[in-house]
Amino acid sequence: MKTPKLQAMESPVRRAGRPRRALPALDSASILQTALTLLEEKGEAFSMRALAQSLGVDAMALYHYYAGKEELLLALMVQRFAALDPCQPPFTQRQGPQRRLLALCALYLELVSATPYFVRLMARGLVEQADVAERFTALFEQAIEGLGLDKKTRLRGRDALVDFLHGYALAGRPASETAWHASVSLILAGMAAGHTAV
């Protein structure tokens with residue numbers, strides 16, 4: 001015969017009330033994935049509280065991973081623009097400068113078109129973009145290598161190119177179109193002409 005203690009262990013009595021809710025698994029990857037979706041959906045209304053609600057966790061749980069909204073946005077930008085890697089350019093040095101520049105622009109346009117909210121943040125100076133700018137500049141320098149352009153011409157050309165690509169993305173034009181190729185070629189021609197005129 002079983003003792004009352006043994007019976008209780010084999011068939012525990014369910015206590016009254018709601019069952020405990022399993023807490024969702026929380027890690028940096030799930031936070032960033034949910035934040036990116038929410039950011040594009042809510043835009044200016046994006047907040048750490050809204051993100052916590054979407055993840056089904058307490059808002060304070062997010063601060064174990066990110067110090068605040070600015071740090072989270074920086075992490076999202078690093079993730080989004082990781083493909084801008086000067087060690088693995090989207091072109092080969094065997095290609096001519098124009099083809100290299102078009103390949104770089106196609107990659108950048110694809111990245112910014114997928115997340116136009118970041119472009120708006122960058123344009124308004126609301127999020128630090130130093131890493132993205134440095135990566136793009138390094139790839140830009142590789143793309144125009146061999147043209148013998150002076151530093152001032154290169155900087156002006158890079159800035160004109162970035163402004164054009166951001167405007168194109170914010171206008172909602174699809175990155176898959178190729179009409180922008182003519183504009184990039186025009187900027188490149190202007191850089192070469194400006195250099196020879198100096």
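Residues numbered from 1 in each chain as written. Predicted model: local features only at pLDDT ≥ 70, side-chain atom pairs only at ≥ 80, totals over all residues. Heavy atoms only, no water.

Undergrad: Please clarify how the overall build of the protein chain should be interpreted in this entry.
TA: Assigned secondary structure in the protein chain consists of 10 helices and 0 strands. Shown N-terminal to C-terminal, the secondary structure of the protein chain runs as helices and strands in the order α-α-α-α-α-α-α-α-α-α. A burial count over the protein chain gives 34% of its 198 residues as buried. Long-range contacts, defined as pairs at least 24 residues apart, comprise 72% of the intrachain contacts of the protein chain with a sequence gap of at least 6. (Helix = DSSP H or I, 4+ residues; strand = E, 2+ residues; numbered from the N terminus. Buried < 20%, exposed > 50% of the residue type's maximum accessible area, 1.4 Å probe, protein only. Contact = heavy atoms within 4.5 Å.)

Undergrad: Whenever I open this one, the nonpolar core confuses me. Can you help?
TA: Most often, soluble globular proteins keep nonpolar side chains buried together rather than apart. Ranked by internal contacts, the top residues of the largest apolar core, which has 55 residues, are Leu-51, Leu-72, Phe-81, Leu-84, Tyr-108 and Leu-161. Of all the elements, helix H6 (residues 97-114) adds the most residues to this core, at 9 residues. Those residues in contact with Leu-51 that sit more than four places away from it in its chain are Ile-31, Thr-34, Ala-35, Leu-38, Phe-46, Leu-62 and Leu-72. (Core = buried A, V, L, I, M, F, W, Y, C linked by side-chain atoms within 4.5 Å.)

Undergrad: When you look at the packing of aromatic side chains in this model, what are you seeing that I'm missing?
TA: For any two aromatic rings, the description comes down to two numbers: the centre-to-centre distance and the angle of the planes. All chains considered together, the criterion is met by 4 aromatic pairs. Measuring from ring centre to ring centre gives 6.4 Å for Phe-136 and Phe-140, while their planes differ by 15°; the resulting arrangement is stacked. Separated by 4 residues within a single helix, Phe-136 and Phe-140 lie in helix H8 (residues 130-143), roughly one turn from each other. On the numbers, 6.0 Å between centres and 50° between planes, the contact of Phe-164 with Tyr-168 is tilted. (Phe/Tyr/Trp six-rings, centres within 6.5 Å; stacked < 30°, edge-to-face > 60°.)

Undergrad: I keep staring at the packing of helix H5 (residues 69-80) against helix H7 (residues 116-123) and nothing clicks. Help me out?
TA: Each pair of packed helices can be described by the angle between their axes along with the distance between the axes. Running from N to C, H5 and H7 cross one another at 120°; their axes reach a closest spacing of 11 Å. By the criterion of interaxial angle, the relationship of H5 to H7 is oblique. Every pair of crossing elements has a handedness; the one defined by H5 and H7 is left-handed. Together, Leu-73, Leu-76, Met-77 and Arg-80 of H5 and Phe-118, Leu-121 and Met-122 of H7 make up the contact between the two elements. Residue composition of the contact of H5 with H7, by class: 6 nonpolar, no polar and 1 charged. (Axes fitted to C-alpha atoms, helices over the stretch in contact; angles between N-to-C directions. Parallel < 35°, antiparallel > 145°, perpendicular 65-115°, else oblique. Left-handed = near helix turned anticlockwise from the far one by under 90°. Nonpolar A, V, L, I, M, F, W, Y, C, P; charged D, E, K, R; others polar.)

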